[in-house]
Amino acid sequence: LIESAIVLGVVGLVIGGIWVAAASGKETLRQSETTRIVVTAIDRMRAVLRDVPAYTYSDGQALTALAIASEAFPSNGKTPYGDIAANYETDYGGRSFSIVIGGLSPEACIRILSVIAGGASSGNLDRVIVYPTYPGFFTSFPIPMDQLVSQCKITSGSVMITSKY
């Protein structure tokens, strides 16, 4: 009877370890997929809007629809964490836009923004806002990791990335 209990205990530990490893791998995949979606969206939106006159898309819904139609956003308008939307910005004579990502956990916020704000697409980034906005308003890149971590730890789950085009 004791031997059976020991065997069951060991089997339980092994299954628990596999379960934890699988959950961790799934979260890493969600973060990587969201990062890919956002970087692709920034690059494609710049390309789509490059020849569009300023102030053409002053409505966020129209700009999000354009992003979906031009395949800058997934067809369902979502990342693995939740909604993604495009907003028109009035900076640079109406030649900027923002992408808002919702539903991010603090860990996802840190990982995704550390890649985006330090990666190849950061050259045309104007600002990153981690909500709540104060003091999560970053305008220089790469974002210092200590500031990114401290702001992402108190995030409400939404991030806005603004880019010039």
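Before reading on, note that the structure itself is shown above.
Here is what the cut-offs are and how they apply
- Residues numbered from 1 in each chain as written.
- Predicted model: local features only at pLDDT ≥ 70, side-chain atom pairs only at ≥ 80, totals over all residues.
- Heavy atoms only, no water.
- Helix = DSSP H or I, 4+ residues; strand = E, 2+ residues; numbered from the N terminus.
- Contact = heavy atoms within 4.5 Å.
- Salt bridge = Lys/Arg side-chain N within 4 Å of Asp/Glu carboxyl O.
- Buried < 20%, exposed > 50% of the residue type's maximum accessible area, 1.4 Å probe, protein only.
- Disulfide = S-S within 2.5 Å.

Novice: It is not clear to me how the environment of Leu 49 should be interpreted in this structure. Could you clarify?
Specialist: Mapped onto the secondary structure, Leu 49 falls in helix H1 (residues 2-49). Sequence-wise, Leu 49 and Arg 95 are 46 residues apart; in three dimensions their C-alpha atoms are separated by 8.3 Å. With near-sequence residues (within four places) excluded, Leu 49 lies in contact with Tyr 57, Leu 63, Leu 66, Arg 95, Phe 97 and Tyr 165.

Novice: How do you make sense of the pattern of salt bridges when you look at a structure like this?
Specialist: In a structure, side chains of opposite charge can pair up when their charged atoms sit close to one another. For the structure shown, the criterion picks out five salt bridges. For the salt bridge of Arg 36 with Glu 33, the shortest nitrogen-to-oxygen distance reads 2.6 Å. Here Glu 33 and Arg 36 lie together in helix H1, a separation of three residues that amounts to about one turn. Note that Arg 127 is salt-bridged to Asp 126, the shortest N-O span being 2.7 Å. For the residue pair Arg 127 and Asp 126, the accessibility class agrees, reading buried in each case.

Novice: Please clarify how the state of the cysteines should be interpreted in this entry.
Specialist: What we call a disulfide is simply a covalent bond connecting the sulfur atoms of a pair of cysteines. The tally for this structure, following the rule as stated, stands at one disulfide. Cys 109 shares a disulfide with Cys 152; S-S distance 2.0 Å. A torsion of -60° about the S-S bond marks the disulfide between Cys 109 and Cys 152 as left-handed. With a gap of 43 residues between them, Cys 109 in helix H4 (residues 106-116) and Cys 152 in helix H5 (residues 145-152) connect regions that are remote in the sequence. Side by side, Cys 109 and Cys 152 carry an identical accessibility label, which is buried.

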